[in-house]
Amino acid sequence: MKKNTLLLGTRKGLVVYEKNAAGWEYRGDHFLGVPVSLAACDARSHTWWAMLEHGHWGCKLHRSVDQGGSWQEITAPKYPAGEEIKPGLPATLKYLWAFAPGSADQPGRIYLGTEPGGLFSSDDNGNSFTLNRGLWARPERQEQWFGGGRDHPGIHSIVIDPKDDQHIYVAISCAGVFETRNGGASWQPRNKGLKADFLPDPKAEVGHDAHLLVACRAAPEVLWQQNHAGVYRSTDAGAHWQEVSGEEHPRFGFAIAADDQNSEVAWVIPAHKDECRVAIDHALRVCRTEDGGKSWQSFTRGLPQQASYDLVFRHALAVHGDTLAFGTTTGNVYLSEDRGEGWACLNNNLPPVYSCTFA
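Residues numbered from 1 in each chain as written. Predicted model: local features only at pLDDT ≥ 70, side-chain atom pairs only at ≥ 80, totals over all residues. Heavy atoms only, no water.

So, the packing of aromatic side chains
Applied cut-off: Centres within 6.5 Å make a pair out of two Phe, Tyr or Trp rings, where for Trp the six-membered ring is used; the pair is then stacked when the planes are under 30 degrees apart, edge-to-face when over 60, and tilted otherwise. Comment: elements are numbered from the N terminus, with helices defined as DSSP H or I runs of at least four residues and strands as E runs of at least two. Here's how the labels work: a residue is buried when its accessible area is under 20% of the maximum for its type, exposed when over 50%, partly exposed in between, all with a 1.4 Å probe on protein chains only. In this scheme, Lys NZ or Arg CZ marks a charge over a ring once it lies within 6 Å of the ring centre and within 35 degrees of the ring normal.
According to the stated counting rule, one finds 14 aromatic pairs in the structure shown. Consider the rings of Trp48 and Trp71, whose centres lie 6.5 Å apart with planes at 50°: the pair is tilted. Of the two residues, Trp48 sits in strand 5 (residues 47-53) while Trp71 sits in the loop between strand 6 (59-64) and strand 7 (72-74), which places them 23 residues apart along the sequence. Arranged with centres 6.3 Å apart and planes meeting at 85°, the rings of Phe146 and Phe198 form a pair that is edge-to-face. A residue pair is termed long-range when its members are at least 10 positions apart, and Phe146 in the loop between helix 2 (141-144) and strand 14 (154-160) and Phe198 in the loop between strand 17 (188-189) and strand 18 (210-215) qualify at 52 residues. Accessibility expressed as a relative area gives 29% for Phe146, which makes it partly exposed. A relative accessible area of 37% means that Phe198 is categorised as partly exposed. A connected cluster of aromatic rings, assembled from ring pairs, spans Phe31, Trp48 and Trp71. Between Arg141 and the ring centre of Trp136, over which it is positioned, the NZ or CZ distance is 3.5 Å. Directly above the aromatic system of Tyr95 lies the positively charged group of Arg150, at a separation of 3.8 Å from the ring centroid.

As for the nonpolar core
Operational definition: By convention a nonpolar core is built from buried Ala, Val, Leu, Ile, Met, Phe, Trp, Tyr and Cys residues, the set being connected through side-chain atoms within 4.5 Å. Contact between two residues is taken to exist if any of their heavy atoms lie within 4.5 Å; hydrogens are not considered.
Judged by nonpolar contacts, the single largest core of 30 residues is most densely connected at Leu6, Leu8 and Phe326. Of all the secondary structure elements, the ones that give two or more residues to this core are strand 1 (5-10), strand 2 (13-20), strand 22 (253-258), strand 23 (266-270), strand 26 (317-320), strand 27 (323-327), strand 28 (333-336) and strand 30 (353-358). Not counting chain neighbours up to four residues away, the residues in contact with Phe326 comprise Ile269, Leu284, Val286, Leu303, Val312, Ala316, Leu317, Asn332, Val333, Tyr334, Trp343 and Cys356. Ile74, Ala76, Leu93 and Phe120 belong to the second-largest nonpolar core, a separate cluster that totals 20 residues.

A few points about the sheet that holds strand 22
Rules: Here a strand pair is declared whenever DSSP counts at least two bridges between the two strands. Orientation is described by axes fitted as lines to C-alpha atoms, over the contacting stretch for helices, and by angles from 0 to 180 degrees between their N-to-C directions.
Strand order in the open sheet made by the four strands is 22-23-24-25, with antiparallel pairing throughout. In this open sheet, the two strands that pair with only one neighbour each are strand 22 and strand 25 (297-299). Adjacent strand axes in the sheet meet at a mean angle of 25° when their direction is disregarded. Sheet analysis places strand 22 next to strand 23, joined by four bridges and oriented antiparallel. The residue of strand 23 that forms the bridge with Ala258 is Ala266.

What about the pairing of strand 12 (residues 119-122)?
In the sheet, strand 11 (residues 110-115) pairs with strand 12 via four bridges, with the strands oriented antiparallel. Looking at strand 12, one finds that Tyr111 is bridged to Ser121. Following strand 11, the chain reverses through three residues before pairing antiparallel with strand 12; Gly117 in that reversal takes a positive phi of roughly 100°. Both strand 12 and strand 13 (residues 130-131) contribute to a ladder of two bridges, which runs antiparallel. Within the sheet, the bridge partner assigned to Ser121 lies in strand 13 and is Thr130.

Comments concerning the pairing of strand 26
Bridge count between strand 26 and strand 27: four bridges; the pairing is antiparallel. Across the sheet, Ala318 pairs through a bridge with Ala325, a residue of strand 27. Remark: two residues form the turn of the hairpin made by strand 26 and strand 27, two consecutive strands paired antiparallel; Gly321 in that turn has positive phi of roughly 65°.

A short note on the sheet that holds strand 27
Read across the sheet, four strands follow the order 26-27-28-29 without closing on themselves; strand pairing throughout is antiparallel. Across the chains shown, the open sheet's two edge strands, defined by having one partner strand only, are strand 26 and strand 29 (344-347). Recorded for the sheet is a direction-independent mean angle of 20° between the axes of neighbouring strands. In the sheet, strand 27 pairs with strand 28 via four bridges, with the strands oriented antiparallel. The residue of strand 28 that forms the bridge with Gly327 is Val333.

What follows is the structure, given as structure tokens:
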């Protein structure tokens, strides 16, 4: 199905672009002035979702069944009374960071990933949520999971196997990748081959900082992740990881996108590491591999090549067929309709962009 709408979660609301005969045009905004940590679309029902972060008022969750014509606020997930992040620190919802719809056989199922590290599911399209106990009860959670850029660990990636809805991955900053094959009843870490230079044991089983986890839909055993320590790929369903960063660009970044049909193809947007977190040499680029990470091409046509301070957050790169779009922390939004080789600017004046998705 062709997706002709672009949803941008920003520091000052949800911004919408739409493609028509004249091209991509600004359609309007929602929740003006409120940070939208993530905007998403459930392709099964075409329901739009907006995850809001009100600061003093906390996290709010909204859905729209008429593509933004109207919005309904629904109760955000709550950690059960008595749950703790660490001994003596009660678990309360700090951030809504990931969204994933269930399979076609689970019409009401959705998943939400949160800070401080809880995975919630709903079987009634968000009217109620349940904390996944199998993951929350992992024995190393309180001592070996920790915040990476935020105060507490957070689930930012949820990947559901399109061939088996009981097979799910999550990625946690900082803990790494975890997998379940029984619908969430039990989970196992899947971090073999990753290297975390910031840990006393860089090859520890748990504690890795996966920035984003994605999979090829046609070949879901092929996983990609942009990690704090580089770009990694797995061809055996996460059992082993191999670094595929390449020598053409630095290893650091947040966003990564995988082609839906070709498991050899992925895109990243690299940046200077911890001390700067801006475009490399003040020149914005998008890198693509077509051979499983053995080599990478850098594309810059239409992107600023001087005085660029852009950084692309983990959810702010999206791909649909040959069309890609991304937004930056400096409020720039770029779109490509030739698989990332050439780019056009949609806007230079938005608030920082947190998420980008086609609907």
